[in-house]
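# Reading the structure
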Amino acid sequence: TFASFAAEDGGASWLEALRQCLESLEGRARQAIEMRYAEDRSREEIAAATALSADGVKTLLRRTRDLLRQCVERRQASEG
């Protein structure tokens, strides 16, 4: 669980790693993540804005979340 990872600093190092990883995103991946999580837009709304199908957005979001997870884990491993 997140609580087990965040025990020492309340998760601050994980959040900082995520911020850095988010900054490295470009193009449609960044646009889709911002629209979904910062703007709470639906897959259909994101699809209309990015010229993807709703299923394409679903796949893009899944792949981007996987990339972000891997990036955060790499950053945490290199610091700890």
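Placed above this text is the structure.
Being a predicted model, the structure only gives us computed values, none of them experimental.

## Re the state of the cysteines
- The full count for this structure, using the stated rule, is one disulfide.
- Note that Cys-21 is cross-linked by a disulfide to Cys-71, the S-S spacing being 2.0 Å. Handedness here is read from the sign of the S-S torsion; for Cys-21 and Cys-71, about -85 degrees, the answer is left-handed. A residue pair is termed long-range when its members are at least 10 positions apart, and Cys-21 in helix H2 (residues 12-24) and Cys-71 in helix H5 (residues 54-79) qualify at 50 residues. This pair shows no difference in class: Cys-21 is buried, exactly as Cys-71 is.

## Brief notes about the pattern of salt bridges
- Applying the stated criterion to the full structure yields six salt bridges.
- The closest approach of N and O atoms between Arg-41 and Glu-39, which form a salt bridge, is 2.7 Å.
- By relative accessible area, Arg-41 is classed as partly exposed at 27%.
- Here the salt bridges share partners, and the residues they tie into one network are Glu-39, Arg-41 and Glu-45.

## What to know about the packing of aromatic side chains
- Enumeration according to the criterion identifies zero aromatic pairs in this entry.
- We note Arg-36 situated over the ring of Tyr-37; from NZ or CZ to the ring centre the distance is 5.8 Å.

Cut-offs used in this document
Residues numbered from 1 in each chain as written. Predicted model: local features only at pLDDT ≥ 70, side-chain atom pairs only at ≥ 80, totals over all residues. Heavy atoms only, no water. Disulfide = S-S within 2.5 Å. Helix = DSSP H or I, 4+ residues; strand = E, 2+ residues; numbered from the N terminus. Buried < 20%, exposed > 50% of the residue type's maximum accessible area, 1.4 Å probe, protein only. Salt bridge = Lys/Arg side-chain N within 4 Å of Asp/Glu carboxyl O. Phe/Tyr/Trp six-rings, centres within 6.5 Å; stacked < 30°, edge-to-face > 60°. Lys NZ or Arg CZ within 6 Å of the ring centre and 35° of its normal.

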